[in-house]
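One letter stands for each residue in the lines below.
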Amino acid sequence: MKQHDPAERLVVLTGAGISRESGLETFRDAGGLWNRHDIADVCTPQGFRRDPMLVSRFYNERRAELAHAEPNAAHRALATLEQAARDGRWNGELLIVTQNIDDLHERAGSRDVVHMHGELRRVRCLSCGATPEWLGDCLPDTPCPACHRPTLRPDIVWFGEVPLHMERIAAALAACDRFVTIGTSGTVYPAAGFVAEVRDHADTLDINLEAPATPTLFDRTLVGPATRMVPRWVADILGS
């Protein structure tokens, strides 16, 4: 049987705000990670070449922190919306594009997630290009499970590097009917420019903890914790 086209194509961009409510530290907030670590030391290729042990330990700590975090109501609500599309309860199509490097969307049940800044629970081999899943510590002398060379690095997009999956993201933005951001600062490019790309053909909504201090390009803003606002918004879409 021929599948009908979805009535609505929805792209959701999530940022640190959605994971903060699961207890994960953010980078940019007051008291965040960048107040305790120099960006140039732990978030650049140059920093990794200069002191791979420091960078390895930094991401080992983040990986250990993630092991104790659980998806929250906002993650679960998005997974519910995706499941509704699969079940035919919602005639739509959902793609989650996340700036976050955690796997809380996947653990909540979402399947179609694009990690534009990489994944904390993966490493990348600089010799063979393998990107195996990685749950424990990784040190500069840890061998790659594929080629056995000690050339692993975090599979994270650092400053000065190009975000991942940009062709797929661009295609989804060009085709979407609705674009929603959840818990993003709106300051990190290219993600901060997505709303400008879609505003001529898509409805736009920003869900954030605080109201914007200056006028934005979004049609609408919902202010409040993601764990409260996202389930309400999803319930509204599903008519429940």
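The name an unreviewed UniProt entry gives the protein is NAD-dependent protein deacylase, with Gluconacetobacter sacchari as the organism. Under Sequence similarities (unreviewed entry), UniProt gives the following word-for-word description of the protein: "Belongs to the sirtuin family. Class III subfamily." The heading Subcellular location (unreviewed entry) in the UniProt record of the protein holds the text "Cytoplasm".

> Now, about the packing of aromatic side chains: what can you tell me, with residues and values included?
Scanning the entire structure with this criterion turns up 4 aromatic pairs. Each ring, one from tyrosine 59 and one from tryptophan 158, has its centre 6.3 Å from the other, and the planes form 40 degrees; the classification is tilted. Within this pair, whereas tyrosine 59 is found in helix H4 (residues 52-67), its partner tryptophan 158 is found in the loop between strand S5 (152-156) and helix H7 (166-175), the two being separated by 99 residues in sequence. Assigned by exposure class, tyrosine 59 and tryptophan 158 land together as buried. Ring centres of phenylalanine 179 and phenylalanine 218 lie 6.5 Å apart, and the angle between their planes is 10 degrees; on these two criteria the pair is classed as stacked. Note that phenylalanine 179 is positioned in strand S6 (residues 178-182) and phenylalanine 218 in the loop between strand S7 (203-208) and strand S8 (220-223), a separation of 39 residues in sequence. For the residue pair phenylalanine 179 and phenylalanine 218, the accessibility class agrees, reading buried in each case. Among the aromatic residues, those joined into a cluster by ring pairs are Phe48, Phe58, Tyr59 and Trp158. Its guanidinium or amino end placed over the ring of phenylalanine 58, arginine 62 lies 4.7 Å from that ring's centre, counting from NZ or CZ. Looking at arginine 153, its charged tip hangs above the ring of tryptophan 158, at a distance of 3.8 Å from the centre.

Quick notes on the rules
- Residues numbered from 1 in each chain as written.
- Predicted model: local features only at pLDDT ≥ 70, side-chain atom pairs only at ≥ 80, totals over all residues.
- Heavy atoms only, no water.
- UniProt positions renumbered as here; feature names shortened; annotations may be inferred.
- Phe/Tyr/Trp six-rings, centres within 6.5 Å; stacked < 30°, edge-to-face > 60°.
- Helix = DSSP H or I, 4+ residues; strand = E, 2+ residues; numbered from the N terminus.
- Buried < 20%, exposed > 50% of the residue type's maximum accessible area, 1.4 Å probe, protein only.
- Lys NZ or Arg CZ within 6 Å of the ring centre and 35° of its normal.

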